[in-house]
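Okay, here's what each chain looks like letter by letter:
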Amino acid sequence: MPAVRMLQHVVGQLLLGPACGCRTSALPARSLGASPWQIPANANFHSASFSETDRPRVLITGGLGQLGVGLANFLRKRFGKDNVILSDIRKPPDHIFQSGPCIYSDILDYKNLREIVVNNGITWLFHYSALLSAVGEANVSLAKAVNITDVAVEHGLRLFVPSTIGAFGPTSPRDPTPDLCVQRPRTIYGVSKVHAELMGEYYHYRYGLDFRCLRYPGIISADSQPGGGTTDYAVQIFHDAVKNGKFECNLKPSTRLPMMYIDDCLRATLEVMEAPAESLSMRTYNINAMSFTPEELAQEVHKHIPEFQITYNVDSARQAIADGWPVSLDDSNARKDWKWKHDFDLPELVTTMLNFHGSDTRIAQAN
C-alpha cells in the first residue's frame, strides 16, 4: 500500500472522528421535520451560480436530524431534488422519503460509504449528526466513536463538517470568542468537535482536501423538539409558552449564549460551500447572529403573550457546560471573506417561532 494511502487508512481507523457524522440507534434524534424557511427563492447568497451540468452531487450523512433534513430540503431547492441524497441508518418517515433520495448508510462502514460515493457520483459530502452536549457526557465511548472519515480525501470530495460553540472551553476568550484562540473544551462533545476541526485542516494542508467547517451557535428551529442540548431551552420555551403560558428554564436567567435561527444557519452553510477557495483565509469559521439570556428571551416572548411566566430550576450539569461556552462569537472573518450576513435578530426570531406554533395573541406594545 502506498505510504500516503496507508497513513490515510491508519488515521481513519484510529480516529472515527467527530463533528456530526454517524447516527447510531443510541443517538438522540432531534426533529425529523424540515424548516419553515423564510428565505426567498431569489435570495442573494453572495456565491457562485451553478448550471445544470456542474451542480454538485450531494451526500448528507446522519441526515435524519434537525439540521440534516433541513439542509437536504434547502439544497434540493438550490440544486434539484435528485442531486441531494439523504443517508442514515434509520428508516425515514414517509414525508422525508418522498421528498427526495434517501438511502441506508452506516458511516462506520467505510466500504459502504465508498460505494455510495462512487455509485452516485458524489462531489460534496456533508457530515452531520452527533451526540448533543449534555447527552454526550453520559455516553463518552459512543461520542468518541462517531464522526469523521477519510473517504473525502480518497475521492476528491468537498467536505463540510459542522462544529459548534462547544469546541471552546472555560479558558477561551468568551466575549467575543475569535476564530483562533485557546479552545480546551471540557466535554466529550467539545473535544470531538476540536478533533474534527484539526483533522479536516490537517487533511487540507497535507493532502489538499477541500475541507470547510462552521462553528454553529445554538440553532433554533420552529418545528424541532429539544434533543438534549444545553441551548435547547431556547426551543422548548416556545412550545411551552404557546401550550401552557409558562416555562421552567434549566439555566440561570443571566446565562448569555450565542444563538441563530435555522434559516440563517442553512444559508451560511451553503454560502461557505459555494465560496471560491481563494476567498477563504481559513477552513474553520465562527458564524454569529445574536446572543441573549433566558431572561431576555422571556421578555421578548412576553411582548407577544402578556400572561407568559418563566421560572428557573437550574440543572448544574448544563449550567457548567454553558458557563464554559462563548458569550458571543467573533465572525468578522466570515463576514469579510465570503460576505456572511445574518437576517434574524431576537425580535424576528421570536415572532417567527410563535407564529409557527400558532400563537394568535397580538403583540403588546413595548413600553
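Residues numbered from 1 in each chain as written. Predicted model: local features only at pLDDT ≥ 70, side-chain atom pairs only at ≥ 80, totals over all residues. Heavy atoms only, no water.

Caption draft 1: Just the overall build of the chain, in detail. Within the chain, the secondary structure is distributed over 14 helices and 13 strands. At a minimum sequence separation of 6, the contacts of the chain that also span at least 24 residues come to 82%. (Helix = DSSP H or I, 4+ residues; strand = E, 2+ residues; numbered from the N terminus. Contact = heavy atoms within 4.5 Å.)

Caption draft 2: Main features of helix α8 (residues 188-207). Across its 20 residues, α8 extends 27 Å between first and last C-alpha, which sits within 8% of the 28 Å expected from 1.5 Å per residue. Of the residues trailing α8, G208 is marked for its positive phi of about 80°. (Expected span 1.5 Å × (residues − 1).)

Caption draft 3: Just the confidence of the model for the chain, in detail. Mean pLDDT for the chain: 81, with 77% of residues reaching 70 or above. Taken together, the stretch residues 1-49 has pLDDT below 50 and engages in 153 contacts with residues farther than four places along the chain or on a different chain. Note that residues 360-367 has pLDDT below 50 and, in this model, 9 contacts with residues that lie over four places away or in other chains. (pLDDT = per-residue confidence, 0-100.)

Caption draft 4: Broad picture of the pairing of strand β10 (residues 257-261). By the criterion of burial, β10 is predominantly enclosed, with 5 of the 5 residues buried. Neither face of β10 is left uncovered, since the one carrying L257, M259 and Y261 and the one carrying P258 and M260 both have all their residues buried. Summarising the sheet, strand β8 (residues 218-220) and β10 pair through 3 bridges and their orientation is parallel. Considered in β10, the bridge of I220 is made with Y261. With 3 bridges connecting them, β10 and strand β12 (residues 290-292) associate as antiparallel partners. (Buried < 20%, exposed > 50% of the residue type's maximum accessible area, 1.4 Å probe, protein only. Pairing = 2+ DSSP bridges.)

Caption draft 5: Here's a closer look at the sheet that holds β10. Ordered by their spatial adjacency, 3 strands build an open sheet running β8-β10-β12, and the pairing between neighbours is mixed. Of all strands in the sheet, those with a lone pairing partner are β8 and β12, marking the two edges. Taken over all neighbouring pairs, the strand axes of this sheet differ in orientation by 45° on average, direction set aside. (Axes fitted to C-alpha atoms, helices over the stretch in contact; angles between N-to-C directions.)

Caption draft 6: Focus on the packing of helix α2 (residues 66-79) against helix α10 (residues 262-274). As a packed pair, α2 and α10 sit with axes 10 Å apart at the nearest point and diverge in direction by 60°. One way to sum up the angle between α2 and α10 is to call them oblique. In this structure, the crossing between α2 and α10 has a hand that is right-handed. Counting all contacts with α2, which are made through Q66, L67, G70, L71, F74, L75, R78 and F79, the residues of α10 involved are I262, C265, L266, R267, T269, L270 and E274. (Parallel < 35°, antiparallel > 145°, perpendicular 65-115°, else oblique. Left-handed = near helix turned anticlockwise from the far one by under 90°.)

Caption draft 7: Local environment of the environment of K246. Relative to the elements of secondary structure, K246 occurs in strand β9 (residues 246-249). Taking the relative accessible area as the measure of exposure, K246 reaches 53% and is therefore exposed. When the C-alpha atoms of K246 and T311 are compared, they prove to be 7.9 Å apart, with 65 residues separating the residues in sequence. Residues within four places of K246 in sequence aside, it is in contact with D240, A241, F308 and Q309.

Caption draft 8: Spotlight on the pattern of salt bridges. Applying the stated criterion across every chain, the model contains 16 salt bridges. As a salt-bridge pair, E274 and R78 come within 3.0 Å of each other at their nearest N and O atoms. One end of the pair, E274, is in helix α10; the other, R78, is in helix α2, and 196 residues separate them in sequence. A relative accessible area of 26% places R78 in the partly exposed class. The salt bridge partner of D331 is R335, with a shortest N-O separation of 2.9 Å. R335 sits in the partly exposed class, given a relative accessible area of 28%. A single salt-bridge network, built from bridges that share partners, covers R158, D210, R212 and R283. (Salt bridge = Lys/Arg side-chain N within 4 Å of Asp/Glu carboxyl O.)

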